[in-house]
Structure formats: C-alpha cells, structure tokens
There are 2 protein chains.
Amino acid sequence: MPATMHDVAKLAGVSVKTVSNVLSGYPYIRESTKARVLAAVDELGYRMNLSARNLRAGRTGLICLAVPELSLPYFGELADAVIRAAEERSWTVLVEQTGADREREVGVLSGARRQLVDGLIFAPLTVSSADIEQFRGDFPIVLLGERTFDVAVDNVTIGNVDAARMATAHLVDIGRRRIAAIGTHPTDAEGPAVLRLEGYLAALREAGIEPDTELIVPAGLWHRAEGAAAMRQLLEAGTRFDAAFCFNDTLALGAMYAVLRHGLRVPEDIAIVGFDDIEDARYSMPPLSSIAPGRDQIARAAVDLLARRIEQREHAHQQVVADFELRIRESTAG
Amino acid sequence: MPATMHDVAKLAGVSVKTVSNVLSGYPYIRESTKARVLAAVDELGYRMNLSARNLRAGRTGLICLAVPELSLPYFGELADAVIRAAEERSWTVLVEQTGADREREVGVLSGARRQLVDGLIFAPLTVSSADIEQFRGDFPIVLLGERTFDVAVDNVTIGNVDAARMATAHLVDIGRRRIAAIGTHPTDAEGPAVLRLEGYLAALREAGIEPDTELIVPAGLWHRAEGAAAMRQLLEAGTRFDAAFCFNDTLALGAMYAVLRHGLRVPEDIAIVGFDDIEDARYSMPPLSSIAPGRDQIARAAVDLLARRIEQREHAHQQVVADFELRIRESTAG
DNA sequence: GTAAGCTTCTACAACGTTGTAGAGATCACA
DNA sequence: TGTGATCTCTACAACGTTGTAGAAGCTTAC
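Here is what the cut-offs are and how they apply
Residues numbered from 1 in each chain as written. Chains lettered and ligands numbered in written order. Predicted model: local features only at pLDDT ≥ 70, side-chain atom pairs only at ≥ 80, totals over all residues. Heavy atoms only, no water. Helix = DSSP H or I, 4+ residues; strand = E, 2+ residues; numbered from the N terminus. Rg over C-alpha atoms; globule rule 2.2 N^0.38 Å. Buried < 20%, exposed > 50% of the residue type's maximum accessible area, 1.4 Å probe, protein only. Contact = heavy atoms within 4.5 Å. Near = heavy atom within 4 Å. Polar contact = N/O pair within 3.5 Å; in protein donor to acceptor, adjacent residues only side chain to side chain. Nonpolar A, V, L, I, M, F, W, Y, C, P; charged D, E, K, R; others polar. Buried area = accessible area lost by both parts, 1.4 Å probe. Salt bridge = Lys/Arg side-chain N within 4 Å of Asp/Glu carboxyl O. Phe/Tyr/Trp six-rings, centres within 6.5 Å; stacked < 30°, edge-to-face > 60°. Axes fitted to C-alpha atoms, helices over the stretch in contact; angles between N-to-C directions. Parallel < 35°, antiparallel > 145°, perpendicular 65-115°, else oblique. Expected span 1.5 Å × (residues − 1).

## Considerations on the overall build of chain A
When helices and strands are tallied, chain A shows 13 helices and twelve strands. Against the globule reference of 20 Å for 334 residues, chain A gives a C-alpha radius of gyration of 25 Å, more extended than a compact globule. Principal-axis analysis of the C-alpha atoms places the extent of chain A at approximately 85 × 40 × 30 Å. Within chain A, the proportion of its 334 residues that are buried is 57%. Considering only contacts within chain A whose residues lie at least 6 apart along the sequence, 69% involve residues at least 24 apart.

Here it is as structure tokens:
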C-alpha cells in the first residue's frame, strides 16, 4: 500500500494541504516546514497519485500520438522525436497504432482515449477531412500531414507537393525522362499520396514530359514488400523507364531491392529517390537519395501547437509548414 | 464540459450507481432500464472519466514499456507487438525511451511513472541485476532479455547464448574460420552483448577454432553507423577474416555497407550474419541472414507474465524462454 | 494603539467513479 | 398465506488530491 499525502502530513506534523502546497511550489511556506515535509516524502518514498491529481485538476499530463505503425521506421523515428519534445513539457506520450484501418482511426478521434489524454497528435492515413470535422468534437488535436481541404484543425506538415516536385525534378536534372511514381492511392481524395503524386506530375509538366499512366503504380501500405512488388510489376510489364520516385523510403528500398534482384543497376539503369530520409536510406547499397523532412522540427511544432491548443481552446487554427531538403546520394548520382 | 454519470443518470431517470452498474456489466438490471441508460449515454455522448475510475479502483489500465529507442527498428517492431498484445487485455501502453542512459533506466525503475501505470515491461541496456533488485521495490515488472545473475523478476528472453552459437556455427558450417564478432560491450558484466559473445566463443570452441581478440570489436549502441565503423576498423587494420557475426541487424547492415563500400563481396569475401531479423534484413542486398526471435511470442509472453504479476503479486518469478530460428539468406549463402 | 497588509498554515468541499449495504419488489414453494 | 430466495435499484461513503476561504500570528505605518 503506497504512502499518501495523509501519511506524509502525519509524519511531518502538518496538514495534508501543506504537503500539497510544498509539492506544488506554493511560495508561502516556512523553510523549516518545507524541509520537514520533503524529509517525510523521502522517508516514505511518497509518490503522488496521478489519478487523484488528474481527477481534481481535470488534466492528465498525457497526450496521445496516433500513428499507423511503429514498425515503419519513419513512424518509429517520429515517435521518438515526439516523445522527446513532449518530455520537455513533462508530458507523457501514449502511442496508439491505427494500422491502416479507417475504423481504428475514427476510434482514435472519437474514442475512449479522449478521457485519458489532454490532447492528440494524429497522423491520419485513411480518414478524410470530413471525418475529422465530424468526429473530433471539441478536443485539442494536431494533425500531422497536410490537409487538402480546409479543416479547422491545427496542422503540421512539410510541403508535400513541393518536396515531391523537387525529388522528381532532381531525376529530370540527371537526365531521366521516363520516371515512375510508386505509392499512389488512386481512391484517396486527399492525403500524402495524393499530394506527392501532384508534385510528381507538376515536375513532369514543368519539364515538358508527358506523364505515362503505366509508370504510376499504387501501393497501399508503403512497406518494403509493396515497393518491391510494385517495382517487379513495372519490370515484368516490360515498360521502359529509367528512374523511380517512391513515395517513401521503405517503398524505395523495396523497389531498389527488386531492381538489383532483376540484374539491373542503380542508378545507371534505374535511378531511385525516396521520401523521409530514414536511417536505412544512408546505409543501403547504393545509399538512397531522399527528401529529408525536419523530423525534430515537426515533432516540436506539433507539441507546441498542441500545448497552445490545450491552454487556450479558442483561437484560430494554425498550419505549420516544416522545412525539408533533398539529400542526394548514390541512388541518383553517378 | 463533458457529461458525467450524474447527467446520464438524470436523463435516464435512475441513480448514478445504476448507470455505473449498467456500464460495468452488473447482471441484475431490467432490460428496459438498461436500454434507457444506454440511450442516455448515447444522447449525451458520455465517456467515462478514467481518472475517477482509476482513483476508485486503484488500477490505471496503463502499462509502461521501457525501451532504449523507438527509432531502432528492433524496438519499433517490439513496441508494435507489445501494444497489440496489450490491446487484447484492453491495456494501454505508454512507451518510455531510456536512451542508453543508466540514470534514465534507474528512473524508469523507481520513477514517477510508477504511480501512473499498473506494471512495467522493461528492456534494460545498462542497469545491472543489482540495480534492478535495488530500485524496483514492490512493483510488477517483467524484464525483456536474459539476466545472467539470478534476480527475482519475471523475465522473457530468447536463449541468447544458444542463438549466438547457432549463428556462429552456421558461419563455420559454410567453411569460414576467421569469424569476427561485432558489438561487444567489454565493460558489461551481463546483458545481451555478454551472452552473445559467450555463444560466439562457444561455437568457435566447438569447431576447434582459436578465438582471435583482434576479430572481436566493441560497439556501444548497435546502430548502423557503429556497425559500419567497426567493420571499417577491421578492414583497415588489415586483419584477415572471412565472416562476421554481428550482434544485431542494424550493426550487420552497417557492417555490410562498409564491406561493399570497401569493394569486397558479401558473402564471397565476407559472409555476414545478424541478429533480430528486422524487416530491413529481408530487403538488403544481399539479404541478410539473421536470428529471428519470436517477437510476437516474446511480446505476448511479457504481457501475460505482467498480467499474472499484477493480479497476484506474490508468486515465484518465472522465466520464459522464447523460440528463435536462424533465417539463412544470401549474406551467408552462395 | 490599531488598522492594514503580509506570511504561514489549516479545514472543508469537491472532482467522478465504484464498493458496501441494504430497501423494496417479485417469485417459488410449502 | 407466510417464508425465504432472488431480482432490481438506491443512498452513502470513500479513493487522494487541490481550490476556496479563512484563521492566526507577525510586521509595518501612522
């Protein structure tokens, strides 16, 4: 049975409230009293019961981070960054995995966790802006990832369209004309897949290249296996092409694997550029060119926005656009 | 202001306790009453206040998973598995990152989180068994990873020594005699690095191969960068060798990168085997042979052990040894 | 000398839920 | 018809904390 404030108070010979005051930094306390209380805390190994504190204070000090899967390196690294950023505010992060499941994403928005956490940082994959409007209710939320439609939610993103355009333009710059895009979500109306496709198409347009629908390959989950499958499909179809822009790095690494397996060279035969700049990208053979989003910047911005939203429920929603940069490595360089 | 049980009770025309009873599945309730209550819950969008419930019940429904870093793929995948296993018990997992920092690991054992969670699943890196004995107090804990010294804590592991021995023996089987070991922690007295080294040495001994200390290279963090650095060090030292057993897959992938960069072939010049079988391993070029621990089995066992420990504080501590298998891929196969 | 202000501490109620105990109905059976 | 068992529901207290309100002592200023 752990010690409570009552035990501490009794041992220190003060009232419960005085213990509470000492612990919460109330200024008007005699030094000697404070010392006695702290000694008692120490002696009993007292730890505050957070359920009780939260019940009273209406805050839990917990935030929820909802991502598709931690086993995807990008989200593992992102979770890492968010947890660190949250720590600076002494918040605790509770990670929820949504899979790629719409029902679970809706569950996160409207679900039971909302009673447990003060706010939500949410990287949605399948739910639409309309869903978000509908289910979020009056709850502090920060979205990760651009929303195509305007939605009254704080939002941190990198410029997906610009970044995708830059990645594709880089392939054009090194002389490629037949550039595949891997990872589209043809049925989505919005979301990163849509935006990255848009950037890809814009870059082609600017280069005067006619897009070829045969070179645009969907991939639902953006895992390595799907990247490899998509690339195999392209290679086996006999479609001629000399480069691929993959919508994330795991797709790209899977695709690169399939190219090499097929006996072709990267980048000589097929140049590949990815997106996310996960650690793997730097140690693949050849190392993978990729768009590096400012992960720490994104995490910090998300936590900051959420903090402001929690403190002050009513204010215009904000959009933070984080920086990105193209890291050119050997998968696109001679 | 969210609705409380009182609001629901008033709307349904029953007592608060009846609402509570309906919601917690108490059997003796008239169907019509139950229906009225549920309708009221629905109409008000009522969600239970978990702080209050926890305060009353003395349980939070949260468990803590403490790992070094989520951005390490193995731990990302492990966290994924633990979260899924915990979900089946409708527990929520709170992930704590310890870095490789002893102070933080001690903090996890003795820290403030203990008031917030019902139990802890802990993958320690730096703390010793003695630390664990000292700091854990009376708190439900399950350790991930073998303890060399006996410590009164539930424990899930794979047979590190056996697995390392099998990996090394595999290299011997394909005809290698000069086998490097990458990833030792020379100052540790226990922990996976020590055990894997032990397995490595055992396999050499069984094959009648004299270990060569020049081939045993430390690496603190088991990141790709350290694996690459260790391998570069070996290559530049001019030490002759024809294989490497890396203590985890990220080390192995970094090492493989360095080998290929150095203009040598894998496996012809240097065969490489890793440990953990992370997803990357299957898509590197060449694909990496690795020890596959039963990750889901480990996660489930850890959650099960923790559940038993929470329900019933007093009983002998248990050790679960999960299965592993060697996945042979091209990094060790002609 | 006393009003006003500061410092230090305390009692009490409240946060939203559930366990305990028990009050009334209703039912089965003699 | 009475007796005990079963069903349905309720009042109350309690979990451990903090906000509110205020008491008591001390200092300052006239």
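Here the narrative resumes.
## Examining the protein's contact with DNA strand D
The environment of DNA strand D is formed by 24 residues, the closest being Lys17(A), Tyr46(A), Thr18(B), Tyr28(B) and Thr33(B). Between DNA strand D and Asn49(A), the relevant distance is 3.1 Å, taken from a phosphate oxygen to a main-chain nitrogen or oxygen of the residue. One nitrogen or oxygen atom from the side chain of Tyr28(B) is found 2.5 Å from a phosphate oxygen belonging to DNA strand D. For the surface near DNA strand D, the secondary-structure elements that each account for two or more residues are helix H1 (5–12), helix H2 (16–23) and helix H4 (50–57) of chain A together with helix H2 (16–23) and helix H4 (50–57) of chain B. Looking at the surface near DNA strand D, the element that brings in the most residues is H4(A), giving four residues. Residues belonging to the surface near DNA strand D are distributed by class as follows: ten nonpolar, eight polar and six charged.

## Looking at the interface of chain B and chain A
Interfaces are often sized by the accessible area lost when the parts come together. Between chain B and chain A, the contact holds 50 residues from the first and 50 residues from the second. When the two sides are added together, the surface that chain B and chain A hide from each other amounts to roughly 4400 Å², 56% of it contributed by carbon and sulfur. Among the residues of chain B in contact with chain A, Gln115(B), Tyr283(B) and Met285(B) are the three that bury the most area, contributing 16% of the side total. Counting across the chain B and chain A interface gives eight salt bridges. The residue Glu87(B) makes a salt bridge to Arg104(A) at a minimum N-O spacing of 2.9 Å. Counting every contact that joins chain B to chain A gives twelve residue pairs in polar contact (both at pLDDT 80 or more). Counting only elements with at least two residues in the side of chain B that touches chain A, the list comes to H4, helix H5 (73–87), strand S2 (92–97), helix H6 (102–110), helix H10 (224–237), helix H11 (249–261) and helix H12 (279–283) of chain B. At seven residues, the largest contribution of residues to the side of chain B that touches chain A is made by H5(B). Tallied by class, residues from the side of chain B that touches chain A come to 22 nonpolar, 14 polar and 14 charged.

## Side note on the packing of aromatic side chains
What describes a pair of aromatic rings is the distance from one ring centre to the other and the angle between the planes of the rings. Taken as a whole, this structure holds twelve aromatic pairs over all chains when the rule is applied. Considering the side-chain rings of Trp222(A) and Phe247(A), the 6.2 Å spacing of their centres and the 85° angle between planes classify their relative orientation as edge-to-face. Residue Trp222(A) is found in the loop between strand S7 (216–218) and helix H10 (224–237), and its partner Phe247(A) is found in the loop between strand S8 (243–246) and helix H11 (249–261); the two are separated by 25 residues along the sequence. With respect to class, Trp222(A) is no different from Phe247(A); both count as buried. A ring pair is formed by Tyr74(B) and Phe75(B), whose centres lie 5.2 Å apart and whose planes are at 75°; its orientation type is edge-to-face.

## Looking at the packing of H2(A) against helix H3 (residues 31–44) of chain A
Residue and element names in this part refer to chain A. Here H2 crosses H3 at 90°, and the two axes come no closer than 10 Å. One element, H2, and the other, H3, form an angle in the roughly perpendicular class. Of the residues in H3, those in contact with Thr18, Val19, Val22 and Leu23 of H2 are Thr33, Lys34, Val37, Leu38 and Val41.

## Observations concerning H11(A)
Residue and element names in this part refer to chain A. Across its 13 residues, H11 extends 18 Å between first and last C-alpha, which sits within 8% of the 18 Å expected from 1.5 Å per residue. With eleven of its 13 residues buried, H11 lies for the most part within the structure. Every buried residue belonging to H11 is among Asp249, Thr250, Leu251, Ala252, Leu253, Gly254, Ala255, Met256, Tyr257, Ala258 and Val259, and all of these are buried. Gly263 occupies a position one or two residues after H11 and carries a positive phi of about 85°.

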